[in-house]
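As a plain string of letters, each chain reads:
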Amino acid sequence: MSGASATDDTFSAPERVEIDPSDQMDDVLGARVEELIYLGDHIQVRMQVAGNDEFIVKVRNRSGRHVLKQERSVKVGWVASDCRALDYAAGR
């Protein structure tokens, strides 16, 4: 996700992002499922969020969970305390 400048980014760990969150989140954005990659006990979901089509979410692979399909529109959310800032100019 874009941060304060072109050299700063913020991120949340893929397993901390909620799809169609029911709990109160600090940030909620519209998203579109681009690709589903089944990895046994979890699914890696590549989404388009805020113009970024490389947004990755990791969800547990269990029955009764979200019905995720390519091109489906969903909401994604996270809490601010789960986010970290990266500064590429400083090499961190």
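1. Here's the deal with the overall build of the protein chain
Across its full length, the protein chain carries 0 helices and 7 strands. Counted from the first residue to the last, the protein chain has its helices and strands arranged as β-β-β-β-β-β-β. Across the 92 residues of the protein chain, 25% fall into the buried class. Once local pairs closer than 6 in sequence are excluded, the contacts in the protein chain between residues at least 24 apart make up 60%. Roughly 6100 Å² of accessible area belongs to the protein chain as shown, and the carbon and sulfur atoms make up 45% of that amount.

2. Remarks on the confidence of the model for the protein chain
Confidence in the prediction for the protein chain averages 79 pLDDT; 73% of positions are at 70 or higher. For the protein chain, strand β1 (residues 8-12) is the element with the lowest average pLDDT, namely 59, and strand β3 (residues 27-38) is the one with the highest, namely 93. Below pLDDT 50 for its whole length, residues 1-8 participates in 17 contacts with residues either more than four positions away or in separate chains.

3. Some thoughts on the sheet that holds strand β4 (residues 42-49)
Overall, antiparallel pairing links the 5 strands, which are arranged β2-β6-β3-β4-β5 in an open sheet. Either end of the sheet is taken by a strand with one partner, and the two such strands are β2 (18-19) and β5 (52-60). Bridge analysis of β2 against strand β6 (residues 73-78) gives 2 bridges, and the strand direction is antiparallel. Looking at the pairing, Glu 18 lines up with Gly 77 of β6.

4. Let's talk about the packing of aromatic side chains
Applying the stated criterion across every chain, the model contains 1 aromatic pair. Judged by centre distance (5.9 Å) and plane angle (35°), the ring pair of Phe 55 and Trp 78 falls under tilted. Of the two residues, Phe 55 is situated in strand β5 and Trp 78 in strand β6; the sequence distance between them amounts to 23 residues. Exposure remark for Trp 78: the relative accessible area of 7% places this residue in the buried category.

5. What about unusual backbone geometry?
Positioned with a positive phi, Asp 20 is a non-glycine residue whose angle comes to about 45°. Judged by its relative accessible area of 29%, Asp 20 falls in the partly exposed class. You will see that Glu 71, though not glycine, has its phi angle at about 75°, which is positive.

6. A few points about the nonpolar core
With 16 residues, the main nonpolar core has Ile 19, Val 45, Met 47, Val 57 and Val 76 as its most contacted residues. Within the residue set of this core, elements represented by two or more residues are β3, β4, β5 and β6. For this core, the leading source of residues is β4, giving 4 residues.

Each value, and the rule that gives it
Residues numbered from 1 in each chain as written. Predicted model: local features only at pLDDT ≥ 70, side-chain atom pairs only at ≥ 80, totals over all residues. Heavy atoms only, no water. Helix = DSSP H or I, 4+ residues; strand = E, 2+ residues; numbered from the N terminus. Buried < 20%, exposed > 50% of the residue type's maximum accessible area, 1.4 Å probe, protein only. Contact = heavy atoms within 4.5 Å. Areas by Shrake-Rupley, 256 points an atom, 1.4 Å probe, with all protein chains shown as cover. pLDDT = per-residue confidence, 0-100. Pairing = 2+ DSSP bridges. Phe/Tyr/Trp six-rings, centres within 6.5 Å; stacked < 30°, edge-to-face > 60°. Core = buried A, V, L, I, M, F, W, Y, C linked by side-chain atoms within 4.5 Å.

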